[in-house]
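Coordinate analysis (summary)
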Amino acid sequence: MDIFMQAAISEALEGLSEGGVPIGAILVENGRIIGRGRNRRVQDQDQLMHAEMDCLRHARLTGGYHNTTLYSTLMPCYLCAGALVQFGIKKVIVGEANSAPAAMQFMLSHGIEVVDLDLPECREMMHRYISENRNQWEQFLRELNPDLLQAETSISLRHDLRPGDVGYITYLHGILYAPQQAWDHTFDSYVAIPLAEFAKRRNHRERIWIVERAGQIAGSVAIIEFSQEEAQLRWLLLQPDLRGQGLGRRLVQEAVDFAREAGYSSIFLWTVDSLPVAAGLYKSAGFREKEKVTHELWASMVTEIKYEMDLTI
């Protein structure tokens, strides 16, 4: 494991020994640790003393934050992400992103490179803490945003297609992407035709994930068989208010894991250069840019980018 992430974990464990939430952070400049911190909201009775804030507070800078990298055992929340954007930190490396609502998409949209290591050590540390301190953890989440717990418990995933799903997923793509990108109605057919073909197949090497919130579709992603060796990731979508909570990262990771288990040797996807947040998500998951083409599409000039991942590594 990276020595800096190990140092962040050590900070988290130190906080746990003090009776606090086990979240640790390290600030690195030119290969040297210049700041350490841990979540102290319980110990100091200070709601603002998150691990990243504690770390930034104790940093010994030599020339500003622009050449620094922040390591955190947990994906930063909006409070901490705002500080990272404010100070111009360009890279954040996190141990895991699933234990709490977080601000990954917010950071990506502000030019911060976010790397999620998805470490078992960090996941297990938080899982154990949450299991043993359920009331305290829920109080912590309520202090971040009273609506987050309700939103979290109302979200579910399913893999089956039901009557109306093809049309509704097409509709969501149309209303969320087309107006934003100035695309015309032909974008609907780009989504609907292959999605309808997918719906007619019964292929054990293909799967769709449909996000539901309070019984209504709020997002999706799918793996389809492009060839015996290649899987294609398609139809990644989330309602705007669900972004930045790690759900998009979870969808992509589950899709990649399924493709690997299904025996594909590689996975690819196409996106457009006008969706930088999505590109940041794909890169953080391990995809690499392979091809770029600009042409007229959907009544607009569109630059499409192909990303690939080798699943044999």
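So, here's what we can say about the structure. Everything quoted here is computed from the prediction, not taken from an experiment. (Residues numbered from 1 in each chain as written. Predicted model: local features only at pLDDT ≥ 70, side-chain atom pairs only at ≥ 80, totals over all residues. Heavy atoms only, no water.)

**Let's talk about the pairing of strand S1 (residues 24-29)**
Extensive coverage of S1 is indicated by the burial of 6 of its 6 residues. Neither face of S1 is open: one carries Gly24, Ile26 and Val28, the other Ala25, Leu27 and Glu29, and all of them are buried. Connecting the antiparallel pair S1 and strand S2 (residues 32-38) is a turn made up of 2 residues, with Asn30 showing a positive phi of about 55 degrees. Sheet analysis places S1 next to strand S3 (residues 68-72), joined by 5 bridges and oriented antiparallel. In the strand pairing of S3, Ile26 is matched with Tyr71. (Buried < 20%, exposed > 50% of the residue type's maximum accessible area, 1.4 Å probe, protein only. Helix = DSSP H or I, 4+ residues; strand = E, 2+ residues; numbered from the N terminus. Pairing = 2+ DSSP bridges.)

**Some words on the pattern of salt bridges**
Tallied over the full model, the rule gives 16 salt bridges. A salt bridge links Arg249 to Asp116, with the shortest nitrogen-to-oxygen separation between them at 3.6 Å. Here the residue Arg249 occupies a position in helix H10 (residues 247-261), and Asp116 occupies one in strand S5 (residues 113-116), the gap between them amounting to 133 residues. On the accessibility criterion, Arg249 (5% relative accessible area) is buried. For Asp116, a relative accessible area of 7% translates into the label buried. Here Asp118 ties to Arg123 by a salt bridge, and the two come within 3.0 Å at their closest N and O atoms. With relative accessibility at 24%, the residue Asp118 sits in the partly exposed group. (Salt bridge = Lys/Arg side-chain N within 4 Å of Asp/Glu carboxyl O.)

**Looking at the nonpolar core**
In terms of nonpolar packing, the biggest core is built from 85 residues, with Leu27, Trp137, Ile223, Leu233, Val252, Ile267 and Phe287 touching the most fellow members. Ranked by the residues each element gives to this core, the list is headed by H10, at 7 residues. Counting residues in each nonpolar core, the second largest holds 11 residues, with Ile9, Ile26, Ile93 and Cys122 among its members. (Core = buried A, V, L, I, M, F, W, Y, C linked by side-chain atoms within 4.5 Å.)

**Concerning helix H8 (residues 165-181)**
Because the α-helix completes a turn every 3.6 residues, residues three or four places apart line up on one side. Here H8 spans 23 Å end to end across 17 residues, near enough to the 24 Å set by a 1.5 Å rise per residue. In the structure, H8 departs most strongly from a straight axis at Gly174, where the bend amounts to approximately 25 degrees. Of the positions making up H8, those classed as buried are Asp165, Ile169, Thr170, Leu172, His173, Gly174, Leu176, Tyr177, Ala178 and Gln181. Against strand S6 (155-158), helix H9 (186-200), strand S7 (207-213), strand S8 (216-225), strand S9 (230-238) and strand S12 (300-310) lie the buried residues of H8. (Expected span 1.5 Å × (residues − 1). Bend = angle between axes of the 7 residues up to and from the residue. Contact = heavy atoms within 4.5 Å.)

**Structural notes on unusual backbone geometry**
Backbone geometry follows two general trends: most residues other than glycine have a negative phi, and most peptide bonds adopt the trans configuration. The residue Asn30 is not glycine, and still its phi comes out positive at about 55 degrees. Among the secondary structure elements, Asn30 is positioned in the loop between S1 and S2. For Asn30, a relative accessible area of 70% translates into the label exposed. Look at Ala299: it is not a glycine, yet its phi comes out positive at around 65 degrees. Within the secondary structure, Ala299 is located in the loop between strand S11 (288-297) and S12. The class for Ala299 is exposed, based on a relative accessible area of 54%.

**Considering the side chain of Thr303**
Relative to the assigned elements, Thr303 resides in strand S12. A polar contact is formed between the side chain of Thr303 and the side chain of Thr294, at a distance of 2.7 Å. Here Thr303 is in contact with Thr271, Val272, Asp273, Lys292, Val293 and Thr294, once residues within four sequence places are set aside. (Polar contact = N/O pair within 3.5 Å; in protein donor to acceptor, adjacent residues only side chain to side chain.)

**Some details on the sheet that holds S7**
Strand order in the open sheet formed by 7 strands is S6-S7-S8-S9-S10-S12-S11, and the pairing between neighbours is mixed. Lying at the two open borders of the sheet, with one neighbouring strand each, are S6 and S11. Strand-to-strand twist of the sheet, defined as the mean angle between neighbouring strand axes without regard to direction, takes the value 20 degrees. Across 7 bridges, the pairing between S7 and S8 is antiparallel. Across the sheet, residue Trp209 finds its bridge partner in S8, namely Val221. Sheet contacts for H10: S6, S7, S8, S9, strand S10 (266-272) and S12; angle to S9, the most-contacted strand, approximately 160 degrees. (Axes fitted to C-alpha atoms, helices over the stretch in contact; angles between N-to-C directions.)

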